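Residue-level listing of the chains:
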Amino acid sequence: MIKQNLEKIKQQLPSNVQLVVVSKFRPIEQLLEVYETGQRELAENRVQEMVTKYEALPKDINWHLIGHLQTNKVKYIAPFVSLIHSVDSHELAQEINKQAIKNNRTIPILLQFHVAEEDSKFGLKPDEAEIVCKQILELPNIEICGIMGMATFTDNETQVRKEFKLLKDIFDNLKEKYFNNKENFNTLSMGMSSDYKIAIEEGSNLVRVGSLVFE
Ligand SMILES: *Cc1c(COP(=O)(O)O)cnc(C)c1O
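Residues numbered from 1 in each chain as written. Predicted model: local features only at pLDDT ≥ 70, side-chain atom pairs only at ≥ 80, totals over all residues. Heavy atoms only, no water.

Draft legend 1. Geometry of the environment of histidine 64. Its location among the elements puts histidine 64 in strand E3 (residues 62-65). Residue classification places histidine 64 among the buried positions, given a relative accessible area of 2%. Sequence separation between histidine 64 and threonine 37 is 27 residues, and the spatial gap between their C-alpha atoms is 18 Å. Ignoring sequence-local partners within four residues, the contact set of histidine 64 consists of Val20, Glu41, Leu42, Ala43, Glu44, Met50, Leu83, His85 and Leu206. (Helix = DSSP H or I, 4+ residues; strand = E, 2+ residues; numbered from the N terminus. Buried < 20%, exposed > 50% of the residue type's maximum accessible area, 1.4 Å probe, protein only. Contact = heavy atoms within 4.5 Å.)

Next up, the structure:
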(Lines give C-alpha, C1' and ligand atoms only; values in the text may rest on other atoms or scores of the structure.)
Protein backbone atom coordinates (compact mmCIF):
# COMPACT_ATOMS: atom_id res chain seq x y z
CA MET A 1 0.00 0.00 0.00
CA ILE A 2 2.69 2.50 0.96
CA LYS A 3 4.29 2.31 -2.47
CA GLN A 4 0.98 2.84 -4.27
CA ASN A 5 0.00 5.67 -1.95
CA LEU A 6 3.29 7.43 -2.56
CA GLU A 7 3.02 7.06 -6.30
CA LYS A 8 -0.47 8.48 -6.28
CA ILE A 9 0.56 11.51 -4.22
CA LYS A 10 3.66 12.17 -6.30
CA GLN A 11 1.65 12.12 -9.51
CA GLN A 12 -0.36 15.01 -8.17
CA LEU A 13 2.57 17.19 -7.21
CA PRO A 14 3.91 19.82 -9.59
CA SER A 15 7.61 19.34 -10.29
CA ASN A 16 8.64 22.32 -8.14
CA VAL A 17 6.98 20.89 -5.01
CA GLN A 18 9.03 18.75 -2.65
CA LEU A 19 7.37 15.87 -0.81
CA VAL A 20 8.44 15.29 2.77
CA VAL A 21 6.94 12.12 4.22
CA VAL A 22 5.89 12.54 7.84
CA SER A 23 6.90 9.29 9.52
CA LYS A 24 6.06 10.13 13.14
CA PHE A 25 4.61 7.23 15.15
CA ARG A 26 5.28 4.79 12.26
CA PRO A 27 7.49 1.75 12.84
CA ILE A 28 10.93 1.29 11.27
CA GLU A 29 9.67 -1.40 8.87
CA GLN A 30 7.23 1.05 7.31
CA LEU A 31 9.92 3.70 7.02
CA LEU A 32 12.09 1.18 5.19
CA GLU A 33 9.25 0.57 2.76
CA VAL A 34 9.15 4.29 2.08
CA TYR A 35 12.94 4.35 1.71
CA GLU A 36 12.86 1.54 -0.83
CA THR A 37 10.70 3.63 -3.17
CA GLY A 38 13.55 6.14 -3.37
CA GLN A 39 12.02 8.69 -1.00
CA ARG A 40 14.78 10.33 1.06
CA GLU A 41 13.00 13.22 2.83
CA LEU A 42 11.40 12.11 6.12
CA ALA A 43 9.97 14.20 8.96
CA GLU A 44 9.51 13.60 12.66
CA ASN A 45 8.01 15.80 15.32
CA ARG A 46 9.86 14.46 18.35
CA VAL A 47 13.58 14.58 18.98
CA GLN A 48 13.94 11.21 20.70
CA GLU A 49 11.99 9.36 18.02
CA MET A 50 13.97 11.05 15.28
CA VAL A 51 17.30 10.11 16.87
CA THR A 52 16.23 6.48 17.30
CA LYS A 53 15.11 6.24 13.69
CA TYR A 54 18.19 8.06 12.41
CA GLU A 55 20.36 5.47 14.15
CA ALA A 56 18.35 2.54 12.81
CA LEU A 57 18.02 3.60 9.17
CA PRO A 58 20.34 4.28 6.20
CA LYS A 59 22.38 7.44 6.54
CA ASP A 60 21.37 9.03 3.24
CA ILE A 61 17.94 9.96 4.62
CA ASN A 62 17.36 13.69 5.05
CA TRP A 63 15.64 14.26 8.39
CA HIS A 64 13.24 17.17 8.87
CA LEU A 65 12.16 18.24 12.35
CA ILE A 66 8.60 19.60 12.19
CA GLY A 67 7.51 19.60 15.85
CA HIS A 68 8.18 21.97 18.71
CA LEU A 69 11.86 21.93 19.66
CA GLN A 70 13.02 22.55 23.23
CA THR A 71 16.37 24.29 23.50
CA ASN A 72 17.80 21.56 25.74
CA LYS A 73 17.20 18.96 23.01
CA VAL A 74 18.84 20.74 20.08
CA LYS A 75 22.15 19.04 20.81
CA TYR A 76 20.77 15.57 20.01
CA ILE A 77 19.79 16.41 16.44
CA ALA A 78 22.40 19.06 15.60
CA PRO A 79 24.90 16.57 14.13
CA PHE A 80 22.57 15.26 11.43
CA VAL A 81 19.30 17.18 11.04
CA SER A 82 18.66 18.32 7.49
CA LEU A 83 16.06 21.07 8.06
CA ILE A 84 14.38 22.36 11.24
CA HIS A 85 10.93 23.67 10.27
CA SER A 86 9.89 24.82 13.73
CA VAL A 87 12.10 27.74 14.73
CA ASP A 88 9.92 30.25 16.52
CA SER A 89 12.20 32.27 18.78
CA HIS A 90 15.54 34.02 18.83
CA GLU A 91 16.48 32.00 21.89
CA LEU A 92 15.94 28.67 20.12
CA ALA A 93 17.87 29.92 17.10
CA GLN A 94 20.78 30.94 19.34
CA GLU A 95 20.98 27.43 20.74
CA ILE A 96 20.80 25.90 17.25
CA ASN A 97 23.61 28.22 16.18
CA LYS A 98 25.71 27.19 19.18
CA GLN A 99 25.23 23.48 18.49
CA ALA A 100 25.87 24.01 14.78
CA ILE A 101 29.22 25.61 15.60
CA LYS A 102 30.09 22.70 17.91
CA ASN A 103 29.36 20.32 15.05
CA ASN A 104 31.29 22.44 12.59
CA ARG A 105 28.32 22.89 10.27
CA THR A 106 25.57 25.26 9.21
CA ILE A 107 22.03 24.20 10.09
CA PRO A 108 19.22 25.07 7.66
CA ILE A 109 16.01 26.26 9.33
CA LEU A 110 12.55 27.59 8.58
CA LEU A 111 10.74 30.17 10.69
CA GLN A 112 7.44 28.75 11.92
CA PHE A 113 4.40 31.02 11.95
CA HIS A 114 1.14 30.58 13.80
CA VAL A 115 -1.72 31.61 11.53
CA ALA A 116 -4.40 29.03 12.43
CA GLU A 117 -7.35 29.70 14.68
CA GLU A 118 -6.44 26.94 17.09
CA ASP A 119 -4.71 28.04 20.26
CA SER A 120 -1.08 27.19 20.14
CA LYS A 121 1.91 28.26 22.16
CA PHE A 122 4.11 27.60 19.15
CA GLY A 123 4.90 29.64 16.08
CA LEU A 124 5.74 33.30 15.57
CA LYS A 125 3.00 35.85 15.16
CA PRO A 126 2.98 37.43 11.71
CA ASP A 127 3.97 40.80 13.17
CA GLU A 128 7.09 39.29 14.76
CA ALA A 129 8.44 38.14 11.40
CA GLU A 130 10.83 40.97 10.65
CA ILE A 131 12.30 41.50 14.08
CA VAL A 132 13.00 37.81 14.68
CA CYS A 133 14.29 37.33 11.15
CA LYS A 134 16.75 40.20 11.63
CA GLN A 135 17.97 38.71 14.93
CA ILE A 136 18.49 35.26 13.45
CA LEU A 137 20.29 36.65 10.41
CA GLU A 138 23.08 37.68 12.80
CA LEU A 139 23.79 34.03 13.68
CA PRO A 140 26.61 32.78 11.45
CA ASN A 141 25.90 29.04 11.49
CA ILE A 142 22.20 29.19 10.75
CA GLU A 143 20.77 29.41 7.28
CA ILE A 144 17.19 30.68 7.04
CA CYS A 145 15.68 28.82 4.08
CA GLY A 146 12.07 29.96 4.31
CA ILE A 147 9.00 29.60 6.49
CA MET A 148 6.57 26.95 7.71
CA GLY A 149 2.99 27.04 8.93
CA MET A 150 -0.20 25.07 9.42
CA ALA A 151 -3.74 26.05 8.55
CA THR A 152 -6.70 25.53 10.87
CA PHE A 153 -7.99 21.96 10.86
CA THR A 154 -11.40 22.60 9.29
CA ASP A 155 -13.55 21.75 6.28
CA ASN A 156 -13.91 25.44 5.57
CA GLU A 157 -11.77 25.80 2.48
CA THR A 158 -12.11 29.57 2.39
CA GLN A 159 -10.51 29.84 5.79
CA VAL A 160 -7.70 27.39 5.00
CA ARG A 161 -6.96 29.29 1.80
CA LYS A 162 -6.91 32.61 3.64
CA GLU A 163 -4.35 31.30 6.13
CA PHE A 164 -2.11 29.89 3.40
CA LYS A 165 -2.31 33.24 1.61
CA LEU A 166 -1.15 34.96 4.79
CA LEU A 167 1.83 32.60 5.01
CA LYS A 168 2.68 33.31 1.38
CA ASP A 169 2.52 37.06 2.09
CA ILE A 170 4.88 36.69 5.04
CA PHE A 171 7.25 34.64 2.87
CA ASP A 172 7.19 37.17 0.01
CA ASN A 173 7.70 40.10 2.33
CA LEU A 174 10.71 38.56 4.07
CA LYS A 175 12.14 37.49 0.73
CA GLU A 176 11.90 41.01 -0.64
CA LYS A 177 13.29 42.73 2.45
CA TYR A 178 16.08 40.41 3.60
CA PHE A 179 16.81 37.74 1.02
CA ASN A 180 16.54 39.48 -2.28
CA ASN A 181 19.56 37.93 -3.92
CA LYS A 182 19.75 34.90 -1.69
CA GLU A 183 18.78 31.77 -3.53
CA ASN A 184 18.65 29.65 -0.40
CA PHE A 185 15.62 31.46 0.97
CA ASN A 186 13.27 29.48 -1.21
CA THR A 187 11.12 27.15 0.89
CA LEU A 188 7.46 27.67 1.74
CA SER A 189 6.55 24.62 3.84
CA MET A 190 2.77 24.36 4.03
CA GLY A 191 0.19 21.68 3.42
CA MET A 192 -0.46 18.24 4.93
CA SER A 193 -2.66 15.25 4.03
CA SER A 194 -5.94 17.13 4.36
CA ASP A 195 -4.99 20.39 2.68
CA TYR A 196 -1.88 20.02 0.56
CA LYS A 197 -3.68 20.65 -2.72
CA ILE A 198 -4.97 24.01 -1.51
CA ALA A 199 -1.52 24.79 -0.10
CA ILE A 200 0.10 24.17 -3.47
CA GLU A 201 -2.45 26.40 -5.20
CA GLU A 202 -1.47 29.11 -2.72
CA GLY A 203 2.25 28.80 -3.40
CA SER A 204 3.60 26.00 -1.24
CA ASN A 205 6.69 24.25 -2.55
CA LEU A 206 7.15 21.75 0.28
CA VAL A 207 4.31 19.57 1.56
CA ARG A 208 4.48 17.44 4.71
CA VAL A 209 2.32 14.37 4.21
CA GLY A 210 1.84 11.55 6.72
CA SER A 211 -1.54 9.81 6.97
CA LEU A 212 -2.13 9.67 3.22
CA VAL A 213 1.08 7.70 2.78
CA PHE A 214 0.59 5.19 5.57
CA GLU A 215 -3.16 4.63 5.61
C1 LIG B 1 1.74 15.32 11.72
C2 LIG B 1 2.14 16.53 10.97
C3 LIG B 1 1.99 16.59 9.57
C4 LIG B 1 1.38 15.47 8.75
O5 LIG B 1 0.02 15.37 9.00
P6 LIG B 1 -0.86 14.31 8.16
O7 LIG B 1 -2.23 14.78 8.39
O8 LIG B 1 -0.58 12.96 8.77
O9 LIG B 1 -0.44 14.39 6.75
C10 LIG B 1 2.44 17.73 8.92
N11 LIG B 1 2.98 18.77 9.60
C12 LIG B 1 3.12 18.75 10.94
C13 LIG B 1 3.74 19.93 11.60
C14 LIG B 1 2.71 17.63 11.67
O15 LIG B 1 2.86 17.64 13.00
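Draft legend 2. Up close: the site of the ligand. Within the structure, the ligand sits among Val22, Lys24, Ile66, Met150, Met192, Ser193, Arg208, Val209, Gly210 and Ser211. Here glycine 210 contributes a backbone N or O atom positioned 2.8 Å from an oxygen atom of the ligand. Against a free-state accessible area of 390 Å², the protein chains account for coverage of 87% of the ligand. Its residues placed into classes, the shell around the ligand shows 5 nonpolar, 3 polar and 2 charged. (Near = heavy atom within 4 Å. Polar contact = N/O pair within 3.5 Å; in protein donor to acceptor, adjacent residues only side chain to side chain. Areas by Shrake-Rupley, 256 points an atom, 1.4 Å probe, with all protein chains shown as cover. Nonpolar A, V, L, I, M, F, W, Y, C, P; charged D, E, K, R; others polar.)

Draft legend 3. Examining the side chain of glutamate 202 more closely. Structurally, glutamate 202 is set in the loop between helix H8 (196-201) and strand E8 (206-209). For glutamate 202, a relative accessible area of 11% puts it in the buried group. Residues within four places of glutamate 202 in sequence aside, it is in contact with Arg161, Phe164, Lys165, Lys168 and Met190.

Draft legend 4. Broad picture of unusual backbone geometry. One non-glycine residue with positive phi stands out, namely phenylalanine 25, at about 70°. Of note, phenylalanine 25 is situated in the loop between strand E1 (18-22) and helix H2 (28-36).

Draft legend 5. Focus on helix H5 (residues 90-102). Compared with the 18 Å implied by 1.5 Å per residue over 13 residues, the 18 Å span of H5 between its first and last C-alpha is a close match. Here H5 has its buried residues at Leu92, Ala93, Glu95, Ile96, Asn97, Gln99 and Ala100. The elements touched by buried residues of H5 are helix H4 (74-77), strand E4 (83-87), strand E5 (107-114), helix H6 (129-137) and strand E6 (142-150). At the C-terminal side of H5, asparagine 104 shows a positive phi close to 55°. (Expected span 1.5 Å × (residues − 1).)

Draft legend 6. View of the packing of H6 against helix H7 (residues 157-178). Running from N to C, H6 and H7 point in directions that differ by 45°, and their axes come no closer than 11 Å. With respect to each other, H6 and H7 are oriented oblique. Regarding H6 and H7, the two cross each other, and that crossing is right-handed. Of H7, the residues touching H6 (which contributes Ala129, Glu130, Cys133, Lys134 and Leu137) are Ile170, Asn173, Leu174, Lys177 and Tyr178. Partitioning the contact of H6 with H7 into residue classes produces 6 nonpolar, 1 polar and 3 charged. (Axes fitted to C-alpha atoms, helices over the stretch in contact; angles between N-to-C directions. Parallel < 35°, antiparallel > 145°, perpendicular 65-115°, else oblique. Left-handed = near helix turned anticlockwise from the far one by under 90°.)

Draft legend 7. Fine view of the nonpolar core. Within the largest apolar cluster, 64 residues are counted, with the highest numbers of intra-cluster contacts made by Leu111 and Leu174. With 7 residues, H7 is the largest single contributor of residues to this core. (Core = buried A, V, L, I, M, F, W, Y, C linked by side-chain atoms within 4.5 Å.)

Draft legend 8. Inspection of the packing of aromatic side chains at higher detail. According to the stated counting rule, one finds 3 aromatic pairs in the structure shown. For the ring pair tyrosine 54 and phenylalanine 80, a centre distance of 3.8 Å and an interplane angle of 10° mean the geometry is stacked. On the criterion of sequence distance, the pair formed by tyrosine 54 in helix H3 (residues 47-56) and phenylalanine 80 in the loop between H4 and E4 is long-range, its members being 26 residues apart. A residue is classified by how much of its surface remains accessible, and phenylalanine 80, at 13% relative accessible area, is buried. Between phenylalanine 171 and phenylalanine 185, the ring centres sit 5.0 Å apart and the planes meet at 15°, which makes this aromatic pair stacked. Taken together, the residues span a long stretch of sequence, with phenylalanine 171 in helix H7 and phenylalanine 185 in the loop between H7 and strand E7 (187-189) at a distance of 14 residues. For the pair formed by phenylalanine 171 and phenylalanine 185, the shared burial category is buried. Here a set of aromatic residues connected by ring pairs shows up, and it is made of Phe171, Phe179 and Phe185. (Phe/Tyr/Trp six-rings, centres within 6.5 Å; stacked < 30°, edge-to-face > 60°.)

No statement about biological role is implied by the geometric values presented.
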